[in-house]
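# Coordinate analysis (summary)
The residues making up each chain are set out below.
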Amino acid sequence: MSEQERYNNREISEELIASIDLFSWQQEFFRVSPDNRRVAYGVKKQNKWAVVVNTKEGRQYDSILKKTPLFSPDGKQVVYGAAFNNKWFMVVNGREEKHYDDIVKDIPVFSPDSKLLAYEAREGNKWFVVIDGKEGKRYDSIGRGPIVFSPDGRRYAYGARDGLQWFVVVDGIEGKRYEDIGYDTVVFSPDGRRVAYEVLQGKNWLVVIDGNEEKAYEGLGTPPVFSPDSGRIAYVAISGDKQFVVVDGKEGKGYDGIVQDSPVFSPDSKQLVYGAISGDKWFMVVDGNETQHESIGTTIAFSPDSSRLAYGAAMGGRWFVVENGKHGKQYDGILRGTPVFSPDSKRILYGAVTGDKWFMIVDGKEEGPYDNVGPAAIFSPDGRHVAYEAQKGDKWFMVVDGEEGKKYDSIISSQGANIAFDSQNTLQYAAARDTNIYSVREKVAAK
């Protein structure tokens, strides 16, 4: 049953979806569906485990698999691993799948379209992948990262080992065998047609793109990155004491290090940006052109139309946002995950801290101060509304267009929860008060 009320020109609808028994629940097993309408969590009673979905408690088992339960991307399915009588199995929407000797070295994975579920299982001393209930070929090991689906959900890939040799299996077809595979480096291009991964050949590492081997290096950095149009690819390579970015097979300048979460392509795929460090000097490198800073942050943001570039940088121990070369106001720090551009590319927001007070800067204007701000900061689809989570005292609330919302003990923005506008003027999120979990919808006044 939903309860509605008005609060600061917002129509708020709360639906109680769960009441947590703190004596039996296990916090590390708590998950929220992406649409914020369901929760699932593990409970332990007299050495037996069960999973509760909203208010319905499932069957008791000897154990529950770590990192589960999990919801599908559309929020309609929930899966968790369970053990009973020394056998492991997946429970999907309350239904037990086939029992195995063991399951899952990494987490189970839903395809992006939520149609398929994939996980690893073992019978005897052989491991194999189970996709949509169908068992794949047996190997000595499955691993080096979770099973990966293409963005359209039609293709899949995973690492496997026979004897001492590792290889990548793409759509059931085994690739060339190597000494090892880079952990969590298998990636599909945005259009799903291309696949790349890192391998160890002899003493050197190299990137394999669509079955073709790139140049070998002493080491590789972050996994390969495809451009949004799927036509370009970049990765970090290591030679001696230098690191550099390789773009479409061409090596860039060597640095002492490449910043985490780099490189980044612009949405139109024409620009490539990454952070780098040499000695005590930090650089933002845009298509090979350097801009020097005292330090730089790890969040690099392009506007959707690729015309604006923004990131955090420091000078004299103070941090600011650089947008298209222009420095903003200085603070003690910039919130990780920001800056963020609006979908129409016209607006920008970021979080910043001075002393023990946090601010959200929206189009250059400060909002706050707050005791804290959360990681979620978003625009509505039309770019007219901005929303973020903030804290004053011991209460959290959503701020929309500068106005504070209803107070809760916490706004849930992790464990699968997704703070989002599901229409131009409707914000949805999950929140907690005492031991109750609510699915909240806020209708915001049109601008």
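The structure under discussion appears in the preceding block.
A short tour of the structure in this document, coming up. (Residues numbered from 1 in each chain as written. Predicted model: local features only at pLDDT ≥ 70, side-chain atom pairs only at ≥ 80, totals over all residues. Heavy atoms only, no water.)

A few words on the sheet that holds strand 5 (residues 48-53). Strand order in this open sheet of 4 strands is 3-4-5-6, and the pairing throughout is antiparallel. A single partner strand is all that each edge strand has here, and the edge strands are strand 3 (25-32) and strand 6 (56-57). (Pairing = 2+ DSSP bridges. Helix = DSSP H or I, 4+ residues; strand = E, 2+ residues; numbered from the N terminus.)

Let's shift gears to the pairing of strand 10 (residues 87-92). Bridging between strand 9 (residues 78-84) and strand 10 involves 6 bridges; their strand directions are antiparallel. Residue pairing in the sheet places Val79 in a bridge with Val92 of strand 10. Between strand 9 and strand 10, which pair antiparallel in sequence order, lie 2 residues; one of them, Asn85, sits at a positive phi of approximately 55 degrees. In this structure, strand 10 lies alongside strand 11 (residues 95-96), joined through 2 bridges in antiparallel fashion. Among the inter-strand pairings, Val92 is bridged to a residue of strand 11, identified as Arg95. In this antiparallel pair of consecutive strands, strand 10 and strand 11, the connection spans 2 residues, and Asn93 shows a positive phi of 55 degrees.

Overall, the coordinates contain 35 salt bridges when judged by the stated rule. Residue Arg336 pairs with Asp261 through a salt bridge whose shortest N-O separation is 3.1 Å. Pair noted here: Arg336 is in the loop between strand 40 (333-334) and strand 41 (340-341) and Asp261 is in the loop between strand 31 (257-258) and strand 32 (264-265), with a separation of 75 residues, a long-range link. Among the residues examined, Arg336 registers a relative accessible area of 48% and is labelled partly exposed. On the basis of relative accessible area, Asp261 is assigned to the partly exposed category, the value being 40%. Its salt-bridge partner being Lys329, residue Glu366 comes within 2.8 Å of it at the nearest N-O pair. Taken together, the residues span a long stretch of sequence, with Glu366 in strand 44 (residues 365-370) and Lys329 in the loop between strand 39 (326-327) and strand 40 at a distance of 37 residues. Residue classification places Glu366 among the partly exposed positions, given a relative accessible area of 36%. Residue classification places Lys329 among the exposed residues on the basis of a relative accessible area of 52%. What emerges from the salt-bridge pattern is a single network uniting Lys98, Glu123, Glu135 and Arg138. (Salt bridge = Lys/Arg side-chain N within 4 Å of Asp/Glu carboxyl O. Buried < 20%, exposed > 50% of the residue type's maximum accessible area, 1.4 Å probe, protein only.)

Where strands meet in a sheet, backbone hydrogen bonds hold them as pairs that are either parallel or antiparallel. What the 4 strands build is an open sheet, ordered 36-37-38-39; its pairing is antiparallel. The open sheet has two edge strands with one neighbour each: strand 36 (295-302) and strand 39. Two strands pair when backbone bridges link them, and strand 38 (residues 318-323) and strand 39 are joined in this way by 2 bridges, in the antiparallel orientation. Bridging across to strand 39, Val322 finds its partner in His327.

On to the environment of Ile277. Relative to the helices and strands, Ile277 resides in strand 33 (residues 272-278). Distance in space between the C-alpha atoms of Ile277 and Asp256 is 5.6 Å, their sequence separation being 21 residues. Ignoring sequence-local partners within four residues, the contact set of Ile277 consists of Tyr255, Asp256, Gly257 and Trp282. (Contact = heavy atoms within 4.5 Å.)

Taken together, the side chains of Asp74, Asp113, Asp152, Asp191, Asp229, Asp268, Asp305 and Asp344 define an acidic patch exposed on the protein surface. With respect to the helices and strands, Asp113 occurs in the loop between strand 13 (109-110) and strand 14 (117-123). (Patch = residues over 30% accessible without salt bridge, like charges linked within 9 Å, V, L, I, M, F, W, Y side chains within 5 Å. Areas by Shrake-Rupley, 256 points an atom, 1.4 Å probe, with all protein chains shown as cover. Lys, Arg positive; Asp, Glu negative; His and termini not counted. Charge placed at Lys NZ, Arg CZ, Asp CG, Glu CD.)

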